[in-house]
Amino acid sequence: MNKQPIGYLDSGVGGLTVVKEALRQLPHEKVIFIGDQARLPYGPRPAEQVIEFTWELTHFLLKKNIKMLVIACNTATAAALSVIRPKLNIPVVGVILPGSRAAIKATKTGNVGIIGTNGTIKSDAYARTIHRKNQNIQVTSVAAPKLVSLVESNEYQSVIAKKVVAETLAPYKKHPVDTLIMGCTHYPLLRPIIQNVMGDGVTLIDSGAETVSEVSTLLDYFDIANDDQNYHPEHEFYTTGSAQMFDTIAGDWLGMSQMHAEKIDLKRLIPQISMEMEQ
Ligand code: I24
Ligand code: DGL
């Protein structure tokens, strides 16, 4: 019975789509989440910078004695997973391999689509991951940064949303797919609209939900799961931005009225800056 927490990091609040799955699938595993609200979005940032920021969030979580690290952000996974994983002595899980695996399993035509931020699509991480497993699959990647803005401007249920989603996904009319990976934390909120635009014949893959299934498998593989059914963990949430805004969004999304995130000063996150301040 290992009661150490599992650490989840994200560029902001989108990673809470992964956390929601974690709370549903693994209710007896303690969650520690940190979102880098102050520096979001990661999507348009150069990979080098995303790696640097992801390291900072990782160090914060390591100090919390986590037993596993989940990079709950597609852009951060694309840029930083391969750099961070070999340096840690705990299992590190990203969101890209689980989503890719589910797509390989689901496709019948061998035509798979992937949508994500500019950073994720530019890295080609999904296509490379899929082709490492199966070279016969045709991958059509489309950058969909506007869908992130739709969610963040609270317009994901609006009439505009339908129009923007249809425009963004237009390339799939020319290159039909039977499976589409939602390769960004925000897209599950647009799921009904994406499904409507793509048609009922297309299977949508939620990378975050697949990732939590993988976390569950790995907990058992490494024999570090907590199966004590009487353990009702008190999850911890941290943000580099406004705790009040985090509480509003996270409380609503996770259905937790008593959400009290703690604001982490970037100075605490970045050792170099605090050293300069002390001098
Ligand atoms: N959803 C996300 N990010 C936001 C948002 C949102 N604002 C409204 N909603 N803002 O991500 C990010 C930028 N902000 C953060 C706060 O500080 C200033 C900058 C998706 C979250 C998915 C769990 C829409 C919204 C909401 C409540 C629940 C869900 C949701 F208001 F999508
Ligand atoms: N969390 C990011 C992702 O999944 C989306 C938001 C951002 O660009 O920071 O790619």
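The structure displayed is predicted, hence computed values, not measured ones.

Engineer: Can you help me understand the overall build of the protein chain in this one?
Structural biologist: Regarding its fold elements, the protein chain presents 14 helices and ten strands. Over its C-alpha trace the protein chain gives a radius of gyration of 18 Å, about what one expects of a compact globule, namely 19 Å for 279 residues. Considering only C-alpha atoms, the protein chain reaches an extent of 55 × 40 × 35 Å along its principal axes. Across the 279 residues that make up the protein chain, the buried fraction comes to 56%. Contacts spanning at least 24 positions in sequence make up 76% of the contacts within the protein chain whose residues lie at least 6 apart. Split by element, the accessible area of the protein chain, about 13,400 Å² in all, is 51% carbon and sulfur. If the 27 positive side-chain charges of the protein chain are averaged to one point and the 28 negative ones to another, these points end up 6 Å apart.

Engineer: Looking at this model, I keep getting lost on helix 8 (residues 159-168). Mind explaining?
Structural biologist: Three or four residues apart is the spacing at which side chains of an α-helix point the same way, because the helix has 3.6 residues per turn. Looking only at helix 8, the buried set comprises Ala161, Val164, Val165 and Thr168. The arc enclosing the buried residues of helix 8, seen along the axis, measures out at 100°, which places them on a common side. Residues Val159 and Lys163 are exposed on helix 8 and point more than 90 degrees away from its buried face. Along its buried surface, helix 8 packs onto strand 6 (138-143), helix 7 (145-152), helix 9 (171-174) and helix 10 (191-198).

Engineer: How should the packing of aromatic side chains be read in this particular structure?
Structural biologist: For any pair of aromatic rings, the description rests on two quantities: the centre-to-centre distance and the angle between the ring planes. Counted by the stated rule, this structure contains six aromatic pairs. Each ring, one from Tyr42 and one from Phe53, has its centre 5.8 Å from the other, and the planes form 50°; the classification is tilted. Of the two residues, Tyr42 sits in the loop between strand 2 (31-35) and helix 2 (47-62) while Phe53 sits in helix 2, which places them eleven residues apart along the sequence. Aromatic pair Phe237 and Phe246: ring centres 6.2 Å apart, planes at 45°, arrangement tilted. The residues Phe237 and Phe246 share a single accessibility class, namely buried. These aromatic residues form a ring-pair network of at least three members: Phe33, Phe237 and Phe246. Stacked on the ring of Tyr231, the Lys or Arg Lys3 has its end atom at 5.4 Å from the ring centre. One residue, Arg39, lies across the ring of Phe53, its end atom 3.7 Å from the ring centre.

Engineer: For this particular structure, what's the right way to read unusual backbone geometry?
Structural biologist: Backbone geometry follows two general trends: most residues other than glycine have a negative phi, and most peptide bonds adopt the trans configuration. The residue after Leu40, namely Pro41, is reached through a cis peptide bond having omega 0°. Examined against the element boundaries, Pro41 turns out to sit in the loop between strand 2 and helix 2. Of note in the backbone geometry, Asn154 takes a positive phi value of approximately 60° without being a glycine. Within the element layout of this structure, Asn154 appears in the loop between helix 7 and helix 8. Even without being a glycine, Asp223 presents a positive backbone phi close to 55°. Following the sequence through the fold, Asp223 ends up in the loop between helix 11 (207-221) and strand 9 (236-239). Exposure remark for Asp223: the relative accessible area of 68% places this residue in the exposed category.

Conventions adopted
Throughout this description, residue numbers start from 1 for each chain and increase along the sequence as written. Throughout, the order in which chains and ligands are written sets their labels, letters from A for the former and numbers from 1 for the latter. Side-chain atom pairs in this predicted model are given and counted only at pLDDT of 80 or more, local residue features only at pLDDT of at least 70, and totals for whole chains, interfaces and linings cover all residues. In computing side-chain values, all of the structure's heavy atoms are included and hydrogens and water are not. Going along the chain from the N terminus, every DSSP run of H or I of four or more residues is numbered as a helix, and every run of E of two or more is numbered as a strand. Radius of gyration: C-alpha atoms only; globule rule: 2.2 Å multiplied by the number of residues to the exponent 0.38. Only protein chains enter the accessibility calculation, which uses a 1.4 Å probe; a residue is then buried when its area is under 20% of its type maximum, exposed when over 50%, and partly exposed in between. Residue contacts follow a heavy-atom distance rule, with two residues in contact if any of their heavy atoms lie within 4.5 Å. For the area figures, the Shrake-Rupley method with a 1.4 Å probe applies, and any residue is considered shielded solely by the protein chains shown. Counted as positive: Lys and Arg. Counted as negative: Asp and Glu. His and the chain ends are not counted at all. For the purpose of locating charges, the reference atoms are NZ of Lys, CZ of Arg, CG of Asp and CD of Glu. Picture the helix axis, draw a direction to every C-beta atom, and the arc is the one those directions span. Any Phe, Tyr or Trp ring, taking Trp's six-membered ring, that has another such ring centre within 6.5 Å forms a pair; planes under 30 degrees apart are called stacked, those over 60 apart edge-to-face, and the others tilted. Should the NZ of a Lys or the CZ of an Arg lie within 6 Å of a ring centre and within 35 degrees of the ring normal, that charge is described as sitting over the ring.

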